[in-house]
Amino acid sequence: MNPSKADPSANSGQVATQPSRGYITNPNDGMNAVTVSIVEDDAPAREMLANWIRRAPGFRCVGMHGSGELALATLPAEKPSVVLMDINLPGMSGIECVRRLKPLLPDTQFVMLTVYEDTDHIFNALVAGASGYLLKRMPRAELLAAIKDVQAGGSPMSSNIARKVVQSFQRPGSQPAEEAMDLSPREREVLELLARGYLYKEIADSLRISVPTVNTYIRRIYEKLHVRSRSQAVAKFTHVPGAAGAGGTGSARPPA
């Protein structure tokens, strides 16, 4: 997706603004639709994204916001399943917006949609509570698949972003946070797969263990690292500056 070039058909249709609790019935396709809100200051790009979502069966756009301040004021009432969040916003940054919204919307999944590919932006977003990190140039079909993925419990990342996350585990001389030294070899394997965006079932299949066993490992990881979400666990394990206090962002609780 190129944010500077809007879809010429994007001006049609109106964005629904009524509050939603994540899943709503879409009368057009009779399915439970994933509700999506967009935070993007570029109006053509914002409208293009909304149009992509409107036209996709099983999705519904419930809000469009041009700044972090507007999103902070209105997203708690919209209660979307997924938020697509730009980073470079006027005023409050998208990362700070996620940091403030996550405690208010613990069940909402925040996906950064940005042009930034540097490690600092990636890990600061994860520490703030983002569950995914995508580049704006990705095609429509891949974006919709990523929204489904994050709603299902995954952590979608553009391929080169995922590679940077994986490389952070492999840097010569790099050391994880002190708490991460207490992780067992199996817990470290589980955490590395989490960092690659694997779903719990995919982790279970890869390691040839059951999903309840995966849940147990993840609960132990959260407890040992003093975090509340997979993104905070990954950031802390890779010893990201500032990640030591990540547990206070109010992100999703460990699996029951």
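None of these values were measured; they are calculated from a predicted model. (Residues numbered from 1 in each chain as written. Predicted model: local features only at pLDDT ≥ 70, side-chain atom pairs only at ≥ 80, totals over all residues. Heavy atoms only, no water.)

S.K.: I'm lost on the pairing of strand S6 (residues 132–135) in this one. Help?
M.R.: Side-chain positions along a regular strand alternate between the two faces of the sheet. Side chains Gly132 and Leu134 of S6 all project onto a buried face; the interleaved residues Tyr133 and Leu135 project onto the opposite face, where all are buried too. As defined by bridge partners, strand S5 (residues 109–114) adjoins S6 across four bridges and the pair is classed as parallel. Note on S6: the bridge partner recorded for Val111 is Gly132. Handedness of the crossover is the feature at issue here: the chain leaves S5, passes through helix H4 (residues 119–128), returns alongside S6, and the resulting connection is right-handed. (Buried < 20%, exposed > 50% of the residue type's maximum accessible area, 1.4 Å probe, protein only. Helix = DSSP H or I, 4+ residues; strand = E, 2+ residues; numbered from the N terminus. Pairing = 2+ DSSP bridges. Right-handed = clockwise from strand over helix to strand, strands pointing away.)

S.K.: Please clarify how the packing of helix H3 (residues 94–101) against H4 should be interpreted in this entry.
M.R.: What describes two packed helices is the angle between their axes and the distance between those same axes. Remark: H3 packs on H4, axes separated minimally by 8 Å, with the N-to-C direction vectors making an angle of 15°. When the interaxial angle is binned, H3 and H4 end up roughly parallel. Taken as a pair, H3 and H4 cross one another with a handedness that is left-handed. Contacts from Ile95, Val98 and Arg99 of H3 reach H4 at His121, Asn124, Ala125 and Ala128. Of the residues belonging to the contact of H3 with H4, the class tally is four nonpolar, two polar and one charged. (Axes fitted to C-alpha atoms, helices over the stretch in contact; angles between N-to-C directions. Parallel < 35°, antiparallel > 145°, perpendicular 65-115°, else oblique. Left-handed = near helix turned anticlockwise from the far one by under 90°. Contact = heavy atoms within 4.5 Å. Nonpolar A, V, L, I, M, F, W, Y, C, P; charged D, E, K, R; others polar.)

S.K.: Help me understand the packing of helix H7 (residues 185–195) against helix H9 (residues 211–225), please; the structure alone is not making it clear to me.
M.R.: Put simply, H7 and H9 touch, their axes get as near as 10 Å, and they point 95° apart. Considered as vectors, H7 and H9 are oriented roughly perpendicular to each other. Judged by residue contacts, Arg186, Glu187, Val190, Leu191 and Leu194 of H7 engage Tyr217, Ile218, Arg220, Ile221, Lys224 and Leu225 from H9.

S.K.: I keep staring at the nonpolar core and nothing clicks. Help me out?
M.R.: What tends to happen in soluble globular proteins is that the nonpolar side chains get buried as a cluster. In this structure, Met85, Met112, Tyr133, Leu191 and Ile221 are the most contacted members of the largest nonpolar core, which totals 48 residues. In this structure, Ile221 is in contact with Leu183, Glu187, Val190, Leu191 and Ala233, ignoring residues within four places of it in sequence. Grouped together as the second largest cluster of nonpolar side chains are 22 residues, Met48, Ala50, Met138 and Leu143 included. (Core = buried A, V, L, I, M, F, W, Y, C linked by side-chain atoms within 4.5 Å.)

S.K.: Before we go on, may I ask you to explain helix H1 (residues 43–54) in this structure?
M.R.: Every α-helical turn comprises 3.6 residues, leaving residues that sit three or four positions apart pointing alike. End to end, H1 covers 16 Å across 12 residues, agreeing with the expected 16 Å (1.5 Å per residue, within 8%). Listed as buried for H1 are Ala45, Arg46, Glu47, Met48, Leu49, Ala50, Asn51, Trp52 and Ile53. Two to three positions downstream of the cap, the backbone nitrogen of Ala45 sits 2.9 Å from a side-chain oxygen, assigning the N-cap of H1 to Asp42. (Expected span 1.5 Å × (residues − 1). Polar contact = N/O pair within 3.5 Å; in protein donor to acceptor, adjacent residues only side chain to side chain.)

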